Structures are given as C-alpha cells and as structure tokens.
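# Descriptive analysis of the structure
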Amino acid sequence: MKAIINTNFVKNLAFAILSLVSISAFAQEEEEEKPKFSFSGSVDAYYRANMTAPNDEDAIAPGSSFANLPGFSLGMANLVAAYEGEKVGFVADLVFGPRGTDAVFASPMYSATGDIVNQLYVYWNVSDKVTLTFGNFNTFLGYEVISPVANFNYSTSYLFSYGPFSHTGLKADFDLGSDWSAMLAVMNPTDLTEFNPTGDYAVGAQLGYSGQFLNFVYSQSSYEIDFTGGFDLSEDFYLGLNAAHFSIEDNGGSFTGVALYPQYAVSETFSLGLRGEYFMETDEFGAIGDVFDADGDASVLALTLTGSATIGNLILKPEIRLDSASEDTFIDNDLAPTKSLASVLFAAIYSF
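Residues numbered from 1 in each chain as written. Predicted model: local features only at pLDDT ≥ 70, side-chain atom pairs only at ≥ 80, totals over all residues. Heavy atoms only, no water.

### Considerations on the overall build of the chain
Note the cut-off: For the purposes of this entry, the term helix denotes a DSSP run of H or I that reaches at least four residues, the term strand denotes a run of E that reaches at least two, and both are numbered from the N terminus. Per-residue accessibility, obtained with a 1.4 Å probe over protein chains only, is compared with the maximum for each type, and a residue is labelled buried under 20%, exposed over 50%, and partly exposed between these values. Throughout, a residue-residue contact means that at least one pair of heavy atoms, one from each residue, lies within 4.5 Å. Under the convention used here, a 1.4 Å probe and the Shrake-Rupley method define accessible areas, while residue burial counts only the protein chains that appear.
What the chain contains, in helices and strands, is three helices and 18 strands. Here the chain holds 352 residues, and 41% of them are scored as buried. For the chain, restricting intrachain contacts to residue pairs at least 6 apart in sequence, the fraction spanning at least 24 positions comes to 55%. Counting only carbon and sulfur atoms, one obtains 63% of the accessible surface of the chain, whose full area is about 18500 Å².

Have a look at this one:
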C-alpha cells in the first residue's frame, strides 16, 4: 500500500511539473512571438544657425538636402505601418513636414496626397533565398537615408542629396549564401514614384558581401555607380564609407565624391561622429556654383562633427558643419560672396 501511495505521489508530482513546464513554455512562446502588424516611426525638429552668414529667411545654407531652414525648424513626422507575414507583407511609410516634402520632391504627379508617400510596397518571400518587392521603395544607393533615425549625422551629404531618393518598380533580392547577396530591379525613371509619364524605364543592380555593397542604376541616359559599406575597427570604433560617380550622357554633366564616417562610442549613451566628404562636379552639372553662376568645374570639402546622446527613445544631436567650396557659393555676414560657410545645429529625434 505504501508503494502504491508513493507511486501515485510521484505520478502526480511529475504531472504537476510537466504542467508547469508546459504553461511556462507556452507563456515564453507567446512572449517571443512577434506581432504581425507593427506601427513605428519618428518625429524630429531642430535649430540651425550660420556662424559666418546671415540667418534671415533668405539665409544661405549648405548645398545638401534637409536641415537647411534657419532658426527653430521642423523636420518631419514619419509614420510606418507594416504587416510582416511568413510569406507576404506590406509597408506603408508616410511623411509629414519639411523633411518629408524634400524627400518626395517630384510629387504630387497625380494624386493630391502623393507628397506624403515615402514608401508604399508589398513583398513576397518566394523562398528562403528570394524576395520580390513591388511598389515604391527608398533607394538602395548611398550610405545615408531619408529617416534621421538611421543616420548618425543629422544634416546630409552632397552624395546623398544629388543621388536618387526613391524608386517605383519591381526588385528581386537574392541570398547567395556565405554572406553574399544580390539584387536586380526594373523601375520608373529615378524619383518618378507615382506613375511613369515617359514610357522609359530604369534598371538597378546590387552586389553585396558581408555588409559591403556595390550599387548601380541606369536611368534615362544617366548612370550612377556607388559603393557603400563600413567596418568595425574595434568594439567602440566604426568606420563607414561611401563613394560614387554619376554621369549624364552626351556631356550632360557628372559628379564624383567620397565620404568617410568615423564614429566612436564614448559611452553606452553618447557617441561622436565625423563626416568628411569631398564632392566634385563638372561645369555642366552645375550644383555647387549655381548661386553666383560660377563657370568651370567645382568642388566642395564638407566636414561635419556630430554628437549623439540617447535618452530612452529620444536622441539629441548637436552638430557643427564647415563647407569649403572651390567657387564663391556662399555669402558672408557683409553679404559678400565667399567660398566657405560655418553653421551649427541642434536636433531632437524621437523614435517609436
């Protein structure tokens, strides 16, 4: 009788333990399961001032995109809704505010709300190795992106500003194994994202290895080849790199540039980063010397030092920037033409 009681006790105890383990495993599985729908985004604002030029409504600013308004200024509200299924999904990425307007500068082409659509695409994981994406997606060229959350520097480079921002079309991403990847795309002409008004098409390609990417796009008699990558030189020190060449056929102009992004983590919540960029263009392209109609080829050396302090979901970025051009591209405080501009800004970015 005693043995029977002990056996039943052991059985009941084992059953209780298995029940607890099952409940714990189920709870852990529920905790680890990712929701299929997600809602994320960011909000940013900044203050910018010139140190060597006036700060009125006609204030001179660096010749790159975004973060160019004087005084207390708005960035954008970025709202991203996504569905991530095992096989299929979508992304609807909407932008509101000056930075968003600059990002989708070619819209609206047709829709009255085309100027708030940053990305709008569906995707299909055909297999573990192949993904098809159809719709409007941000460019695969360049080190920097439209969202300020993903950039270390708040202001942007010349290379990013004069390259494409977005494409609309069909692309196929391939996982080639052993850290190799590839992408092929057929798209509307660059930055024509709502529809195709020309009947011409662009093609794009990418080859990647272990976080280093060689990119190419050909669109309407112009092409750009671009290298983007980075290296962890130590646990706290990272070096990013972007180099590109753009050319329009039949002597329509070209630009070439290189940018280095050394970044050092001072602590878990504060980092320092320097963007050093050299950008040169031919006279036919005419971006740098446009202010004073300068003749001949031109170049600019831009140095941007940025601090990044993290407080929860809030990122604070003080920044100082010096642009030094080969032509009279800016004005000084006496309103005289000058080749250089020194400016400062302070940005606050909240992501969720």
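On we go.
### Observations regarding the environment of proline 98
Topologically, proline 98 is positioned in helix α2 (residues 98-103). Each C-alpha atom of the pair proline 98 and alanine 67 lies 9.0 Å from the other, and the pair is 31 residues apart in sequence. With residues near it in sequence (within four places) discarded, proline 98 still touches Leu69, Leu74 and Gly75.

### What about the confidence of the model for the chain?
Caution applies to low-pLDDT regions: their predicted coordinates should not be interpreted in detail. This is how it is decided: Along the chain, pLDDT gives the predictor's confidence residue by residue, from 0 to 100.
Per-residue confidence for the chain gives a mean pLDDT of 89, with 87% of residues at or over 70. Note on residues 1-7: pLDDT is under 50 here. Beyond four places in sequence and across chains, it has zero contacts.

### Here's the deal with the pattern of salt bridges
What counts, and what does not: Any Lys or Arg side-chain nitrogen found within 4 Å of a carboxyl oxygen on Asp or Glu counts as a salt bridge.
Overall, the coordinates contain three salt bridges when judged by the stated rule. Across the salt bridge formed by arginine 321 and aspartate 323, the nearest N and O atoms sit 2.8 Å from each other. Of the two residues examined, arginine 321 and aspartate 323, each falls in the buried class.

### Some points on a negative patch on the surface
Heads up, the condition is: Patch construction takes residues with relative accessible area above 30% that form no salt bridge. Like charges are linked within 9 Å, and nonpolar side chains (Val, Leu, Ile, Met, Phe, Trp, Tyr) are linked within 5 Å. By the counting rule applied here, Lys and Arg register as positive and Asp and Glu as negative, while His and the ends of each chain are not counted. For this purpose, a charge sits on NZ of Lys, CZ of Arg, CG of Asp or CD of Glu.
Residues Glu86, Asp128, Asp175 and Asp179 make up a contiguous surface patch of negative charge. You can see glutamate 86 is positioned in the loop between β2 (71-84) and β3 (88-96). Given the relative accessible area of 75%, glutamate 86 is considered exposed.

### Topic: the packing of aromatic side chains
This is how the line gets drawn: Any pair of Phe, Tyr and Trp rings, taking the six-membered ring for Trp, is counted once the centres come within 6.5 Å. Such a pair is stacked with planes under 30 degrees apart, edge-to-face with planes over 60 apart, and tilted for the rest.
Scanning all chains against the criterion turns up 16 aromatic pairs. Plain terms: the ring middles of phenylalanine 37 and tyrosine 83 are 4.9 Å apart, the flat faces sit at 50° to each other, and that makes the pair tilted. With phenylalanine 37 in strand β1 (residues 37-50) and tyrosine 83 in strand β2, this residue pair connects regions lying 46 residues apart in the sequence. Owing to a relative accessible area of 58%, phenylalanine 37 belongs among the exposed residues under this scheme.

### Structural notes on the nonpolar core
Convention followed: Joining through side-chain atoms within 4.5 Å is the link that ties buried Ala, Val, Leu, Ile, Met, Phe, Trp, Tyr and Cys residues into a set, and such a set is a nonpolar core.
The biggest cluster of nonpolar side chains holds 16 residues, and the ones touching the most others in it are Tyr158, Leu159, Phe279 and Phe330. Counting only elements with at least two residues in this core, the list comes to α3 (158-162), β11 (237-248), β12 (253-265), β14 (298-311) and β16 (330-331). Per-element accounting of this core gives the leading share, three residues, to β12. Listed in part, the 13 residues of the second largest apolar core include Tyr123, Met187, Ala202 and Val217.

### Some thoughts on the environment of valine 117
Within the secondary structure layout, valine 117 lies in strand β4 (residues 117-125). Here the alpha-carbon distance between valine 117 and threonine 101, two residues 16 residues apart in the chain, equals 9.6 Å. Setting aside its immediate chain neighbours within four residues, valine 117 contacts Asp93, Leu94, Val104 and Asn136.

### Here's the deal with unusual backbone geometry
A cis geometry characterises the amide bond from serine 107 onward to proline 108, with omega recorded as 0°. In this fold, proline 108 is placed in the loop between α2 and β4. Positioned with a positive phi, serine 210 is a non-glycine residue whose angle comes to about 50°. When you line up the elements, serine 210 lands in the loop between β8 (202-209) and β9 (212-219). Relative accessible area serves as the criterion here: at 43%, serine 210 is assigned to the partly exposed category.

### Comments concerning the pairing of β8
Successive residues of a regular strand alternate their side chains across the two faces of the sheet. Just so we agree on the cut-off: DSSP bridges decide pairing: two strands pair if at least two such bridges lie between them.
Of the two faces of β8, only the one carrying Ala202, Gly204, Gln206 and Gly208 is buried; Val203, Ala205, Leu207 and Tyr209 on the other face are not. Both strand β7 (residues 180-187) and β8 contribute to a ladder of eight bridges, which runs antiparallel. Paired with valine 186 across the two strands is valine 203, which belongs to β8. Between β8 and β9, which pair antiparallel in sequence order, lie two residues; one of them, serine 210, sits at a positive phi of approximately 50°.

### Here we look at the environment of phenylalanine 165
Looking at the element boundaries, phenylalanine 165 is found in the loop between α3 and β6 (166-177). For phenylalanine 165 and valine 145, which are 20 residues apart along the polypeptide, the C-alpha to C-alpha distance reads 8.1 Å. Setting aside its immediate chain neighbours within four residues, phenylalanine 165 contacts Ser65, Phe66, Asp102, Ala103, Phe105, Asn138, Thr139, Ile146, Phe160 and Asp191.

### So, the pairing of β7
In terms of strand pairing, β6 meets β7 through eight bridges, oriented antiparallel. Bridge pairing in β7 links leucine 170 to valine 186. Count of turn residues in the β6/β7 antiparallel hairpin: two residues, of which serine 178 carries a positive phi of about 55°.

### What about the side chain of serine 155?
Put simply, the rule is: Under the rule applied, a polar contact is a pair of N or O atoms within 3.5 Å (in protein, one hydrogen donor and one hydrogen acceptor; residues adjacent in sequence only if both atoms are side-chain atoms).
Following the sequence through the fold, serine 155 ends up in the loop between β5 (130-138) and α3. What makes serine 155 buried here is its relative accessible area of 5%. At 2.7 Å, the side chain of serine 155 and the side chain of glutamate 319 are in polar contact. Side-chain polar atoms of serine 155 contact the side chain of arginine 321, separated by 3.1 Å. When sequence neighbours within four positions are dropped, the list of residues in contact with serine 155 reads Ala67, Glu144, Arg275, Thr304, Glu319, Arg321 and Leu345.

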